[in-house]
Number of protein chains: 2
Amino acid sequence: MRGKLILVGAGLSVDLITLRGVKRILEADIVYVDSYTSITLGDLRSFLTTQTGKEAVFLSRKDIEEKYFETIIKPALEGLKVVLVVPGNPLDATTHVALLSEASRRGIDFEVVPAPGIIPNALTMSGLMIYKMGKVVTLTYPKSGIISEYPYDVIKDNDLRNLHTPLLTEIDIEKGVKMQVREAIEILLQLESMRREGVLSESRKAVAVSGLSGSEQRICFGTLKDLTELPDHEGPHTLVITSPKMHFLEEEVAQIISRKYCQLT
Amino acid sequence: MRGKLILVGAGLSVDLITLRGVKRILEADIVYVDSYTSITLGDLRSFLTTQTGKEAVFLSRKDIEEKYFETIIKPALEGLKVVLVVPGNPLDATTHVALLSEASRRGIDFEVVPAPGIIPNALTMSGLMIYKMGKVVTLTYPKSGIISEYPYDVIKDNDLRNLHTPLLTEIDIEKGVKMQVREAIEILLQLESMRREGVLSESRKAVAVSGLSGSEQRICFGTLKDLTELPDHEGPHTLVITSPKMHFLEEEVAQIISRKYCQLT
């Protein structure tokens, strides 16, 4: 009998995993954790041990992207139930979609258990409306001195339609890379000084979200100038450039949330 | 001492509630359920009784939108912990955002516990990429013979950017309204025959999602013509008009998922 590949979302922090997710972990023969996209891995390891009694194996990016045959496919072909726990919502990342395709091609059954991810929660938990969510884009550090202008184009385009732009920021735990809000804003303002199309300025409003839904969560609504003052935070970080015209209820609730969750110290 | 208002997402089906959500229900003095936006209420009622031992009060739209002072605000002002369980992800709906603002204005503390909602899962669980998600829009029945053209404009605009359009369909359990995929497609094709801008046609591809993540979930990828043949389904329904040019991995995985979850009988 063939086994099964089950992707289980771990949610934004460990107790935001779903009941179904926990059940699938309990039923699993092998439990892996994708360990290169998240920050709260220490918590996740202790959660899995104490709450499910399962000894999880933490996989590196290489284990999942290159050695997936040995780690994931082979045990499933041999009849085992293989669970891969993914921080956030499992299919938000392309690698995990490709895994499903690989499993299916080899006749392995699969299942996906969703969990709250950064999309759309960076917006909704900040008081912004899901109907006003524009295209998502990732902001990366300059590579060999070159800054990608793509995020600028996406913001400009979302602006034209009065939509919010959720900017995910570069993160690679294995390489020790984790972009801070301040750095993200520096890159954005640098893009403005290159393009000079009046899309971004220090007075532009945004919501800076860090460690969403964790015990140290920070949600700050303000101008880009205000937000550059924010101290570093364990993150991960998302910066939502709010739409040029916010709905009055959005602005009101973003301020309420910010008063509650923005520790400026 | 003042109480607290806690919005708890019930997720897309009852075992997709999070551990934190269950904990908040267990700690609550009063448990309400928003009963007008979801279909799986029977399951939710029995889940709450058997899994948490709490007797939940099911609120109508009127109870939440008009009588919120008596039902929700007053008990919280008197010091009680009031939990409102919301199918899906609690802040995806404007009414619940307005409740937070109301609570805050009266000095009541609040908390939001997210859960998997239809956005972005209608896309990601169908194999579509979150980076290609365009603006969300709700498709409604004609009112007094007038069809809203707004969804047509949104699809046209998302098309120009090669983005997917998630179409939520009209649903009001209290009024017995639940748009089927077939009806949604009829409305779209009617809009095309009114506008004639070549945005939609019977050969346009889409993903029809019904009862996502429940035991009867149906996910069908095909042309609008194919999808009109789908029998009625308990729903709720979401129709994603896929982007004009799908990424090869999206197309591959959408087909895999459709083979697994599209029961055409």
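Analysis parameters
- Residues numbered from 1 in each chain as written.
- Chains lettered and ligands numbered in written order.
- Predicted model: local features only at pLDDT ≥ 70, side-chain atom pairs only at ≥ 80, totals over all residues.
- Heavy atoms only, no water.
- Helix = DSSP H or I, 4+ residues; strand = E, 2+ residues; numbered from the N terminus.
- Rg over C-alpha atoms; globule rule 2.2 N^0.38 Å.
- Buried < 20%, exposed > 50% of the residue type's maximum accessible area, 1.4 Å probe, protein only.
- Contact = heavy atoms within 4.5 Å.
- Areas by Shrake-Rupley, 256 points an atom, 1.4 Å probe, with all protein chains shown as cover.
- Lys, Arg positive; Asp, Glu negative; His and termini not counted.
- Salt bridge = Lys/Arg side-chain N within 4 Å of Asp/Glu carboxyl O.
- Polar contact = N/O pair within 3.5 Å; in protein donor to acceptor, adjacent residues only side chain to side chain.
- Axes fitted to C-alpha atoms, helices over the stretch in contact; angles between N-to-C directions.
- Parallel < 35°, antiparallel > 145°, perpendicular 65-115°, else oblique.
- Left-handed = near helix turned anticlockwise from the far one by under 90°.
- Nonpolar A, V, L, I, M, F, W, Y, C, P; charged D, E, K, R; others polar.
- Phe/Tyr/Trp six-rings, centres within 6.5 Å; stacked < 30°, edge-to-face > 60°.
- Lys NZ or Arg CZ within 6 Å of the ring centre and 35° of its normal.
- Domains from an automatic or database assignment.
- Buried area = accessible area lost by both parts, 1.4 Å probe.
- Pairing = 2+ DSSP bridges.
- Least-squares fit on C-alpha atoms with pLDDT ≥ 70 in both.
- Disulfide = S-S within 2.5 Å.

**What about the overall build of chain A?**
Link 1 in the chain: Looking only at helices and strands, chain A has ten helices and twelve strands in total.
Link 2 in the chain: Scaling as 2.2 N^0.38, a compact globule of 265 residues should have a C-alpha radius of gyration of about 18 Å, and chain A matches this with 20 Å.
Link 3 in the chain: Seen along its three principal axes, the alpha-carbon backbone of chain A occupies a region of about 60 × 40 × 30 Å.
Link 4 in the chain: Taken across its 265 residues, chain A has 59% of its residues classed as buried.
Link 5 in the chain: Long-range contacts, defined here as pairs at least 24 residues apart, represent 74% of the contacts in chain A between residues at least 6 apart.
Link 6 in the chain: A total of about 10,600 Å² of accessible surface is found on chain A, and carbon and sulfur atoms cover 52% of it.

**Here's the deal with the side chain of A:Lys135**
Residues and elements named next belong to chain A.
Link 1 in the chain: Mapping Lys 135 onto the fold places it in the loop between α6 (118–124) and β6 (137–139).
Link 2 in the chain: Among buried Asp, Glu, Lys and Arg side chains, Lys 135 stands out as unpaired, with Asp 157 the closest opposite charge at 8.2 Å.
Link 3 in the chain: Engagement of the side chain of Lys 135 in a polar contact is seen with the side chain of Tyr 150, the distance being 3.1 Å.

**A closer look at the packing of helix α4 (residues 68–77) of chain A against helix α5 (residues 94–105) of chain A**
All names here are of chain A.
Link 1 in the chain: Interhelical geometry of α4 versus α5 gives an angle of 50° and a closest axis separation of 10 Å. In terms of their interaxial angle, α4 and α5 are classed as oblique. The element α4 and its partner α5 pack so that their crossing is right-handed. Along the contact surface, α4 presents Tyr 68, Ile 72 and Ile 73, while α5 presents Leu 99, Glu 102 and Ala 103.
Link 2 in the chain: Here the contact of α4 with α5 is composed, by residue class, of five nonpolar, no polar and one charged.

**Remarks on the packing of aromatic side chains**
Link 1 in the chain: Summed over the entire model, instances satisfying the criterion amount to zero aromatic pairs over all chains.
Link 2 in the chain: In this structure, A:Arg45 is placed above the aromatic ring of A:Phe58, and the distance from its NZ or CZ to the ring centre is 3.9 Å.
Link 3 in the chain: Directly above the aromatic system of B:Phe110 lies the positively charged group of A:Lys260, at a separation of 5.1 Å from the ring centroid.

**Details of the domain arrangement of chain A**
All names here are of chain A.
Link 1 in the chain: Here the domain parsing of chain A yields domain 1 (4–113) and domain 2 (118–261).
Link 2 in the chain: Computed from C-alpha coordinates alone, the two centres of domain 1 and domain 2 are separated by 29 Å.
Link 3 in the chain: In this complex, domain 1 contributes ten residues to the contact, which on the side of domain 2 involves 13 residues.
Link 4 in the chain: With both sides pooled, the region where domain 1 packs onto domain 2 buries about 920 Å², and carbon together with sulfur makes up 55% of that total.
Link 5 in the chain: Between domain 1 and domain 2 we count zero salt bridges in total.
Link 6 in the chain: Counting every contact that joins domain 1 to domain 2 gives one residue pair in polar contact (both at pLDDT 80 or more).
Link 7 in the chain: For the side of domain 1 that touches domain 2, the residue count by class is four nonpolar, five polar and one charged.

**Looking at the sheet that holds β6(A)**
Pairing between the strands of a sheet is mediated by backbone hydrogen bonds and can be parallel or antiparallel.
Residues and elements named next belong to chain A.
Link 1 in the chain: With mixed pairing, the five strands of this open sheet are ordered in space as β6-β7-β12-β10-β11. Every other strand in the sheet has two partners, leaving β6 and β11 (218–223) as the edge strands with one partner each. In this sheet, neighbouring strand axes are inclined to one another by 25° on average, regardless of whether the strands run parallel or antiparallel.
Link 2 in the chain: In this fold helix α8 (residues 181–195) packs onto β6, β7 (165–169), β10 (205–210), β11 and β12 (237–241), with an angle of close to 40° to the strand it touches most, β12.
Link 3 in the chain: Strands in contact with helix α10 (residues 248–261) are β10 and β11; relative to β11, the strand with the most contacts, it is inclined by about 125°.

**Some remarks on the relation of the copies chain A and chain B**
Link 1 in the chain: The two copies are related by a screw motion: chain A maps onto chain B through a turn of 180° and a shift of 0.0 Å along the axis, at an RMSD of 0.0 Å. Both chain copies can therefore be described as sitting about a two-fold axis. Among all C-alpha atoms of chain A, that of A:Thr18 lies closest to the rotation axis, at 2.0 Å.
Link 2 in the chain: Most of the interface of chain A is mirrored in chain B, where 100% of its interface residues are also at the interface.

**Considering the interface of chain A and chain B**
Link 1 in the chain: Counting residues at the interface gives 52 residues for chain A and 53 residues for chain B.
Link 2 in the chain: Of the roughly 4,600 Å² buried between chain A and chain B on both sides combined, carbon and sulfur atoms contribute 63%.
Link 3 in the chain: Taken together, chain A and chain B are joined by eight salt bridges.
Link 4 in the chain: A salt bridge links A:Asp109 to B:Lys260, with the nearest nitrogen and oxygen atoms 2.4 Å apart.
Link 5 in the chain: Viewed at the interface, chain B and chain A are joined by 27 residue pairs in polar contact (both at pLDDT 80 or more).
Link 6 in the chain: Elements that contribute at least two residues to the side of chain A that touches chain B include exactly α1 (19–27), α5, β5 (109–113), α6, β6 and α10 of chain A.

**Digging into the pairing of strand β11 (residues 218–223) of chain B**
All names here are of chain B.
Link 1 in the chain: Burial runs high along β11: six of the six residues are buried.
Link 2 in the chain: The pairing of strand β10 (residues 205–210) with β11 spans six bridges and is classified as antiparallel. Note on β11: the bridge partner recorded for Lys 205 is Thr 223.

**Considerations on the state of the cysteines**
Note on terminology: disulfide describes a covalent bond linking the sulfur atoms of two cysteines.
Residue and element names in this part refer to chain A.
Link 1 in the chain: Tallied over the full model, the rule gives two disulfides over all chains.
Link 2 in the chain: Put simply, Cys 220 and Cys 262 are joined by a disulfide, and their sulfur atoms are 2.0 Å apart. Between Cys 220 and Cys 262 the disulfide shows an S-S torsion of about 95°. By sign, it is right-handed. One end of the pair, Cys 220, is in strand β11; the other, Cys 262, is in the segment after α10, and 42 residues separate them in sequence.
Link 3 in the chain: The exposure class of Cys 262 is buried, given its relative accessible area of 18%.

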